[in-house]
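# Residue-level structural notes
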Amino acid sequence: MTIKNVEYGLEKIFKGAQDFLPLLGTDYVEFYVGNAKQSAHYYKTAFGFQSFAYKGLETGCKDYASYVLKQDKIRLVLTTPLHSNSPINDHLKKHGDGVKVIALWVEDATKAWEETTKRGAKSFMKPTVEKDEEGAVLRSGIHTYGDVVHIFVERKNYKGCFLPGYRKWASDYNPTSVGLKFIDHMVGNVGWGEMNQWVKWYEDVMGFVNFLSFDDKQIHTEYSALMSKVMSNGNGRIKFPINEPAKAAKKSQIEEYLDFYESPGAQHIAVATDDIIETVKQLKARGVEFLPAPPKAYYEDIPNRLGEHMKIMHEDIGALRSLSILVDADEEGYLLQIFTKPVEDRPTLFFEIIQRMGAKGFGAGNFKALFESIEREQENRGTL
Ligand code: FE2
């Protein structure tokens, strides 16, 4: 089988290759948090997620509570332990709130586990069937960087709302969606000198390819630097950039993350919207904090940077500037993006909002403006 993906040009790289791990998409992202009830309220109120499913004492789960939130294709699971002897506490003590599971939707979770473990993945969960009156879900899992795991979810024989053991969560409090559609990419921060080892891991164990790379000559400011390689699966639906810190005059934002998360982990979740101006207006009105705006000169330079793509750009530069939205372009089009401040007190996980208008990149043209903005925040925190 030749894997086709004209969109990302991946068909050339994958030509003749067997996709031993076909992925249908992101299934869910699970966070371990200190207080899932309050986190759920935050993601509903601030980010426009909807109540979707619940598991806890009321459903017979005595060890932990999990709230599932949904917005279009995105599902977040927020899990909190109910007793001090839960192993989830070890994760919370070390990392604070953070991403534990990046779950991937597959046709065959047994085969996914067999293919990845035989290529060297460390098993997290052997293929396991969970059932209720709505059918059966088969899940399996492997460890990746830090304490993060990938769980493979096979749900073709299940009609229930989320997973067996969960019940539908109906709430009287239903803030409207802000237009977030799906997860565009999820970025992992790994330790000094570890990027290439994880790139190789995603190639060997999961059959991904490295389709974009940025070195510290491209990603640096006067003070700090990082390196990044973007990994993609065969159909381009799953994209995992991997970052490592690089040496510079002051502390890399990746190093700051590693100091506070106390290990490698998920750095940001990029979520797609069709109308970033409306989405960001809503998010700001609901209290989501974004990185401060780049200087005025950044916006004055947009026509230069976009060149030909200015003809198809219909967003007003003044509106982008007033919301601090960033713009970048590649040969195929442009993209609009903006980054939140970390959503925990530790400067660790944050979100990116992205609208792609043909561009397939990750905003490399914005790295300098973005990192200068992050450095101002690091300066405020005394961690630069
Ligand atoms: Fe990103």
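It should be emphasised that the depicted structure is a prediction, and the values quoted were computed from it without experimental measurement.

### Observations regarding the environment of Tyr158
- Within the secondary structure layout, Tyr158 lies in the loop between strand E8 (149–154) and strand E9 (167–168).
- On the accessibility criterion, Tyr158 (11% relative accessible area) is buried.
- Remark: the alpha-carbon pair of Tyr158 and Pro127, spanning 31 residues in sequence, is separated by 16 Å.
- Beyond its immediate chain neighbours, meaning those up to four positions away, Tyr158 contacts Asp132, Glu134, Gly135, Ala136, Val137, Leu163 and Pro164.
- At 2.9 Å, the side chain of Tyr158 forms a polar contact with the side chain of Asp132.

### Topic: the sheet that holds strand E7 (residues 135–143)
- With respect to topology, nine strands assemble into an open sheet ordered E6-E7-E8-E5-E1-E4-E3-E2-E9, the strand pairing being mixed. Every interior strand has two partners, whereas the edge strands, strand E6 (123–132) and E9, have only one.
- In this sheet, strand E4 (residues 74–81) lies alongside strand E3 (residues 64–71) in antiparallel orientation, the contact comprising eight bridges. When the sheet's bridge partners are listed, Val68 is paired in E4 with Val77.
- In the packing of helix H3 (residues 88–95) onto the sheet, the strands contacted are strand E1 (25–32), E3, E4 and strand E5 (98–105), and the crossing angle to E4 comes to about 100°.

### Notes on helix H7 (residues 276–285)
- Of all the positions in H7, only Ile276, Ile277, Thr279, Val280 and Leu283 are classed as buried. The buried residues of H7 occupy an angular sector of 165° when projected down its axis, which confines them to one face.
- Buried residues belonging to H7 abut strand E10 (180–189), strand E14 (265–273), helix H10 (317–323), strand E16 (333–339) and strand E17 (350–357).

### Regarding the packing of aromatic side chains
- In total, this model carries 21 aromatic pairs according to the counting rule given.
- Measuring from ring centre to ring centre gives 4.9 Å for Phe162 and Tyr166, while their planes differ by 90°; the resulting arrangement is edge-to-face.
- For the pair Trp201 and Tyr202, a centre-to-centre distance of 4.8 Å together with 80° between the ring planes defines the contact as edge-to-face. Judged on exposure class, the residue Trp201 and its partner Tyr202 are both buried.
- Counting every residue linked through ring pairs, the aromatic cluster contains Phe31, Tyr42, Tyr43, Phe47, Phe49 and Phe351.
- A cation over a ring is seen here: Lys247 above Trp192, with NZ or CZ 4.2 Å from the ring centre.
- Here the guanidinium or amino end of Arg356 rests over the ring plane of Phe362, the centre of that ring lying 5.2 Å away.

Reading the values: the criteria
Counting restarts for each chain: residues are numbered from 1 in the order of the written sequence. Confidence filtering applies because this is a predicted model: local features only for residues at pLDDT of at least 70, side-chain atom pairs given and counted only at 80 or more, and all residues used for totals across whole chains, interfaces and linings. Excluding hydrogens and water, the side-chain values take into account all heavy atoms of the structure. Helix and strand definitions here come from DSSP, where helices need a minimum of 4 consecutive H or I residues and strands a minimum of 2 consecutive E residues; each element is numbered from the N-terminal end. The cut-offs for exposure are 20% and 50% of the maximum accessible area for each residue type, with area from a 1.4 Å probe on protein chains only; residues under the lower value are buried, those over the upper are exposed, and the others partly exposed. Between two residues, a contact is recorded if the distance between any of their heavy atoms is within 4.5 Å. Under this definition, polar contacts are N or O atom pairs within 3.5 Å; protein pairs additionally need one hydrogen-donor-capable and one acceptor-capable atom, and for neighbouring residues in sequence, both atoms have to be side-chain atoms. We treat two strands as partners when DSSP finds at least two bridges between them. Orientation is described by lines fitted to C-alpha atoms, with helices fitted over the stretch in contact, and by angles between N-to-C directions that extend from 0 to 180 degrees. Relevant arc is that of directions from the helix axis to the C-beta atoms, nothing else. Working definition: a ring pair exists when centres of Phe, Tyr or Trp rings (six-membered ring for Trp) sit within 6.5 Å. Plane angles under 30 degrees give stacked, over 60 give edge-to-face, the rest tilted. Note on geometry: a ring has a charge over it if NZ (lysine) or CZ (arginine) is within 6 Å of the ring centre and within 35 degrees of the ring normal.

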